[in-house]
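# Inside the fold
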Amino acid sequence: FANARALDPRITFTRASVATYVGKDGLIKTAGENEPRFDHDSITGESLGLLIEEERTNLFEYSGDFTNADWAKFDVSISSNSIIAPDGSTNSYTITEGTANSQHNITDTTTVTGTKTFSVYAKLASGSRLLRIVDYNATDGAVTARFDLSNGTIDAGSDSSAVIKDCGNGWYRCSITTTTTVESNYYISLCQSDSTFTYTGDGSSSFYIFGAQLEVGSFPTSYIPTSGSTVTREKEFPAIETSSIDFNDFSQGGEGTLVCEFSNAGAIGSDVAVCFSGDTHNGATFVGLGTNSNRNAFNRVRVNGTNTVLSTDSNFTTTGFYKVAFGIGQSRCTLTVRGSSSGVVEDTSVSYDSTPYTKLVLGCDQTSNSSNNMINGTIKSVFYYPTLLTDTQLQTLTQ
């Protein structure tokens, strides 16, 4: 996928909405309904492969128009500008502090509770203020992060969930993740370098801002533009019918090998990058590989909700790309992970469902009716061999 930036014609792909991704020029692009997304590194332009994400909704009704009354203003002015925004347009805004002795921010309020992630794109325009984003309510208190946009760093004392991502051309995407019990106010503000947020403004210090997003979940996903209402990006479901490949069904005594290179953003559960499954399995039966909540690579054979194989490589964790090989046999299954010191992990207790495996599914472990266990990341490549390769071959393939 990373090299071709296209889907094999045997792959069916569905997503019942438009969605955004980063193009090879580093700018945010929009893909149409049921159009696959091939993501890229914002800085280097490197192709990262096929982007697969779960359903998410941007709960801010005005993600890009900060002049709208939904965003209350406190001693700041908001104006349009002509600089290039992260999507290549000139649709960003400048937020400039006033001269009062007060806070200097804009704020929006939503009723969502539970775990959610608040993010915004920002770029330093003038002065040396820090960007401060806050999730606050009187019951749960404030979760705060401060970002130095002059060098792309997170200021000391910020909440541990704070993340800053370089998006190129001086733009950064800044985010925090919080869990609250009541509705919150979400602040985008200027802050002094000593972390003081109530002060006498100079009337000129400013940031460029673009693309605010509030979504239920523990990490930010691709940007979802809104203009007057919340917007939902639907989940993706790419799959190949096993009848279109050289597949020896495991339910009928077959064997094979899966090799996949992928990244995942979630790290909150068993996120499956590639697996064999079927329409009648209802998500309870599959053969595949992915990562768990500790970011360890694993392989799994699951039958009617029970794992008959679950091998985990605990010597390897990463926030980057995994390259994992899964040898699938009738008497043994094997797991090999690039960069790990574990060698080949073996499981000799193997059994399979008697129902045929009808699909090779990419990015999750279920049929298109569910969003469970999606990788929320990109797949660079998938290889399937209709034979159980040797341990040496597995290790060679994952180098």
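Residues numbered from 1 in each chain as written. Predicted model: local features only at pLDDT ≥ 70, side-chain atom pairs only at ≥ 80, totals over all residues. Heavy atoms only, no water.

### What about the nonpolar core?
Counting 48 residues, the largest nonpolar core has Leu-258, Phe-276, Leu-289 and Tyr-352 as its most contacted members. The greatest single-element share of this core, amounting to five residues, is contributed by strand E24 (residues 271-277). Not counting residues up to four positions away in its chain, the partners in contact with Leu-258 are Val-274, Phe-276, Val-287, Leu-289, Val-324, Ala-325, Phe-326, Ile-328, Leu-360, Phe-383 and Tyr-384. Core analysis: the second largest hydrophobic core is formed by 30 residues, Ala-145, Cys-174, Ile-188 and Tyr-199 among them. (Core = buried A, V, L, I, M, F, W, Y, C linked by side-chain atoms within 4.5 Å. Buried < 20%, exposed > 50% of the residue type's maximum accessible area, 1.4 Å probe, protein only. Helix = DSSP H or I, 4+ residues; strand = E, 2+ residues; numbered from the N terminus. Contact = heavy atoms within 4.5 Å.)

### Here's the deal with the sheet that holds strand E13 (residues 130-137)
The strand order E7-E11-E18-E13-E14-E15 describes an open sheet built from six strands, whose pairing is antiparallel. Two strands bound the open sheet, and with one partner strand each, they are strand E7 (72-74) and strand E15 (153-154). With seven bridges connecting them, E13 and strand E14 (residues 141-148) associate as antiparallel partners. Counterpart to Val-134 in the pairing with E14 is Thr-144. (Pairing = 2+ DSSP bridges.)

### A word on the environment of Leu-335
Assignment of secondary structure puts Leu-335 in strand E29 (residues 333-337). In the structure, Leu-335 is positioned 35 residues away from Arg-300 in sequence and 9.7 Å away in space, judged by C-alpha atoms. Those residues in contact with Leu-335, other than ones at most four positions away along the chain, are Ala-297, Phe-298, Asn-299, Ser-311, Thr-312, Asp-313, Val-324, Ala-325, Gly-343, Val-344 and Val-345.

### Things to note about the sheet that holds strand E4 (residues 37-40)
Pairing in this open sheet of seven strands is antiparallel, and the strands run E4-E5-E32-E23-E28-E29-E30 from one edge to the other. The sheet is open, and its two borders are formed by E4 and strand E30 (344-347), each paired with just one other strand. Strand-to-strand twist of the sheet, defined as the mean angle between neighbouring strand axes without regard to direction, takes the value 35°. Bridge count for strand E28 (residues 321-328) against E29 is five bridges, and the pairing is antiparallel. For Phe-326, the partnering residue across the bridge sits in E29 and is Leu-335. (Axes fitted to C-alpha atoms, helices over the stretch in contact; angles between N-to-C directions.)

### A word on the side chain of Gln-213
Looking at where Gln-213 falls in the secondary structure, it is placed in strand E20 (residues 206-216). Among the polar contacts made by the side chain of Gln-213, one reaches the main-chain amide nitrogen of Ile-224 at a distance of 2.6 Å. With sequence-adjacent residues up to four places away left out, Gln-213 is seen in contact with Asn-58, Phe-60, Thr-117, Phe-118, Ser-119, Arg-173, Thr-221, Ser-222, Tyr-223 and Ile-224. (Polar contact = N/O pair within 3.5 Å; in protein donor to acceptor, adjacent residues only side chain to side chain.)

### Looking at the pairing of strand E16 (residues 163-168)
With five bridges joining them, E16 and strand E17 (residues 171-180) adopt antiparallel strand pairing. Bridged to Lys-165 within E17 is Arg-173. Adjacent in sequence and paired antiparallel, E16 and E17 are bridged by two residues, among which Asn-169 carries a positive phi angle near 60°.

Honestly, it's all geometry; don't read function into it.
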